[in-house]
Amino acid sequence: MSVRVSGLGGSEGGFMGGKNREGLEIDQVIAQFKTKGRLAEKIPYGNGHINDTFLVTYEMPEGGTRRYILQKMNHSIFKEPVQLMENVVNVTEYLRKVIISQGGDPDRETLNVVKTGSDSSYYQDVQGNYWRMFLFVEHTVCLEKVESEKDFYDSGVAFGNFQRMLADYPANTLNETIPNFHNTPSRFRDFQRAVQEDKMKRAAMVKEEIAFALAREKDTCILVDLLKEGKLPLRVTHNDTKLNNILFDADSKKAVCIIDLDTVMPGLSHYDFGDSIRFGASTGAEDEKDLDKIKIDLGLFEAFTKGYLEGCKGSLTAKEIEMLPMGAKLMTYECGIRFLADYLEGDVYFKIHREGHNLDRARTQFKLVKDMEDKWDEMMAIVEKCRQL
Ligand code: ADP
Ligand code: GN1
Ligand code: MG
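Residues numbered from 1 in each chain as written. Chains lettered and ligands numbered in written order. Predicted model: local features only at pLDDT ≥ 70, side-chain atom pairs only at ≥ 80, totals over all residues. Heavy atoms only, no water.

**Remarks on the site of ligand 2**
The full set close to ligand 2 counts 18 residues, and His49, Lys242, Glu286, Arg338 and Tyr349 are the nearest of them. In this structure, Asp260 approaches ligand 2 through a side-chain N or O atom, which is 3.0 Å from an oxygen atom. In the environment of ligand 2, an oxygen atom lies 2.8 Å from a nitrogen or oxygen atom belonging to the side chain of Arg338. Those elements giving two or more residues to the shell around ligand 2 turn out to be helix H8 (269–280) and helix H11 (324–345). (Near = heavy atom within 4 Å. Polar contact = N/O pair within 3.5 Å; in protein donor to acceptor, adjacent residues only side chain to side chain. Helix = DSSP H or I, 4+ residues; strand = E, 2+ residues; numbered from the N terminus.)

**Thoughts on H11**
Under the 1.5 Å per step criterion, the end-to-end length of H11 is 31 Å for 22 residues, consistent within 8% with the ideal 32 Å. Most of H11 is tucked away: 21 of the 22 residues are buried. Downstream of H11 by a residue or two, Gly346 has a phi angle that is positive, lying close to 100 degrees. (Expected span 1.5 Å × (residues − 1). Buried < 20%, exposed > 50% of the residue type's maximum accessible area, 1.4 Å probe, protein only.)

**Brief notes about the coordination of the magnesium ion (ligand 3)**
In the first shell of the magnesium ion (ligand 3), the protein supplies Asn245 (OD1) and Asp260 (OD), at 2.2 Å from the metal. Taken together, the positions of Asn245 in the loop between strand S9 (235–237) and strand S10 (246–249) and Asp260 in the loop between strand S11 (255–258) and strand S12 (265–267) put the pair 15 residues apart, joining distant regions of the chain. Under the relative-accessibility criterion, Asn245 is labelled buried at 5%. (Donors = N, O, S within 2.8 Å, 3.2 Å for Na, K, Ca; no water.)

**Focus on the confidence of the model for the protein**
Looking at the protein as a whole, the pLDDT averages 93, with 94% of positions reaching at least 70. This stretch, residues 1–20, has a pLDDT under 50; its non-local contacts, to residues over four places away or in other chains, come to 68 contacts. (pLDDT = per-residue confidence, 0-100. Contact = heavy atoms within 4.5 Å.)

**Regarding the site of ligand 1**
In the vicinity of ligand 1 lie 20 residues, with Asn51, Gln71, Val137, Asn244 and Asp260 positioned nearest. Interatomic distance of 2.9 Å between a side-chain N/O atom of Gln71 and an oxygen atom of ligand 1. In this structure, an oxygen atom belonging to ligand 1 sits 3.0 Å away from a side-chain N or O atom of Asn245. Bound to the protein, ligand 1 loses 97% of the 550 Å² it would expose on its own. (Areas by Shrake-Rupley, 256 points an atom, 1.4 Å probe, with all protein chains shown as cover.)

**Observations concerning the nonpolar core**
Core analysis: the largest hydrophobic core is formed by 92 residues, its most contacted members being Phe191, Ile277, Phe301, Leu340 and Leu344. When residues of this core are assigned to their parent elements, the largest contribution, 10 residues, is made by H11. When residues no more than four places from it in sequence are discounted, the contact partners of Phe301 are Phe273, Ile277, Ala281, Ile296, Ala328, Met379, Ile382 and Val383. Ile30, Val56, Trp131 and Met133 belong to the second-largest nonpolar core, a separate cluster that totals 13 residues. (Core = buried A, V, L, I, M, F, W, Y, C linked by side-chain atoms within 4.5 Å.)

**Brief notes about the packing of helix H6 (residues 207–214) against H11**
Remark: H6 packs on H11, axes separated minimally by 11 Å, with the N-to-C direction vectors making an angle of 140 degrees. Taken as axis vectors, H6 and H11 run oblique relative to one another. For the element pair H6 and H11, the recorded crossing hand is left-handed. The residues of H11 that touch H6, namely those facing Glu209, Ile210 and Ala213, are Tyr333, Ile337, Leu340 and Leu344. Taken together, the residues of the contact of H6 with H11 break down into six nonpolar, no polar and one charged. (Axes fitted to C-alpha atoms, helices over the stretch in contact; angles between N-to-C directions. Parallel < 35°, antiparallel > 145°, perpendicular 65-115°, else oblique. Left-handed = near helix turned anticlockwise from the far one by under 90°. Nonpolar A, V, L, I, M, F, W, Y, C, P; charged D, E, K, R; others polar.)

**Observations regarding the pairing of S10**
Because side chains alternate across S10, one face comprises the buried residues Ile246 and Phe248, and the other comprises Leu247 and Asp249, equally buried. Across two bridges, strand S8 (residues 140–143) lies against S10 in antiparallel orientation. Residue pairing for S10: Thr140 is matched across the bridge by Asp249. Where S10 and S11 come together, three bridges link them in antiparallel fashion. What sits directly across from Leu247, in S11, is Cys257. Between the antiparallel neighbours S10 and S11 lie five residues, among them Lys253 with a positive phi of about 65 degrees. (Pairing = 2+ DSSP bridges.)

This is the structure in structure tokens:
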């Protein structure tokens with residue numbers, strides 16, 4: 001099933017019978033946050049690869065329920081959870097003001113952090129884990145796969161708009177939650193290290209994939225070099241613009257809220273554009289095993305490009321627009337080498353649900369890169385056409 005109606009469950013989180021993996025009473029964690037009503041249910045939720053997410057439901061004395069998202073932050077990935085939450089609080093408070101000034105609904109159109117009894121944006125449990133809570137955005141769906149060009153166009157508008165809403169945000173006040181997150185040459189060096197170390201003795205089995213990645217080393221610098229040369233501007237970007245990081249209204253299917261703000265940091269527009277394309281414009285799932293099913297769908301590529309440019313409302317420079325296809329290719333390539341490096345290192349970063357999961361994910365990304373290379377002229381022409389609309 002590709003659509004998950006908010007509230008109907010999920011499958012992850014390592015949480016059994018009221019206790020999380022470490023056996024800590026989760027109710028004790030929940031009790032730290034300022035919620036109302038009687039705790040009725042808590043279930044693992046969502047398909048994120050990083051945090052442990054739970055849906056928490058309260059019954060209200062006056063009848064009805066109120067729901068929240070509880071997350072255990074991934075402390076081994078986000079080394080500075082306190083700084084991370086400082087970003088999330090500051091960005092969401094800023095977005096609230098912008099949304100209000102535009103006549104929108106700030107309780108639905110941005111994440112809202114629920115504070116603890118001591119007015120903190122996070123709770124650290126006795127084992128050192130960091131937890132946070134958000135208002136659950138009701139009456140929304142989260143898509144795991146694009147269902148129509150219109151959905152994808154809408155997500156393009158939403159991500160373009162998100163970037164525009166943050167255009168005047170003081171970027172120098174943002175903490176870098178994961179240094180060099182989309183620095184592709186730095187990711188390439190991490191990948192090379194993983195190949196050399198070959199901790200799990202898996203490299204011999206994936207020679208072809210390694211060769212594919214190594215053959216594209218010279219591409220890795222293209223965007224960061226343009227940034228260094230001052231030919232591309234640094235902006236405040238989301239940096240993790242997968243389709244399942246947007247909530248769509250359950251009825252109108254309009255994009256309502258952009259979530260997963262852990263990686264909002266200064267970056268290039270290409271990071272947001274490219275990451276959306278690699279996930280949403282693929283004809284198959286990120287972990288599809290049958291590579292014949294994986295291609296870049298140019299109709300979807302066009303729909304997103306149109307939406308994104310519209311959402312950015314003329315704020316992108318000519319050079320930025322010209323380089324959008326490169327953003328798509330490099331973000332896909334980068335994600336591929338991250339998955340492959342994680343496979344070689346023993347699956348320590350991305351959550352896996354089967355043997356070889358990260359390898360399957362790397363293969364789909366490389367297949368997409370190849371398909372983009374084959375369709376390069378068409379992708380460039382589509383971007384040029386959308387620019388003129
Ligand atoms: P991860 O970093 O692990 O991807 P996310 O913050 O993206 O974690 O959350 C995982 C999933 O939980 C999302 O894909 C979405 O389905 C759901 N979710 C997260 N926050 C909310 C929210 N405030 N309201 C409704 N659903 C949410
Ligand atoms: C992770 O958190 P989630 O599942 O939305 C990852 C992204 C990858 C993505 C691949 C903080 O995103 O960078 O592109 O998996 N997030 C982090 O699906 O590393
Ligand atoms: Mg997510």
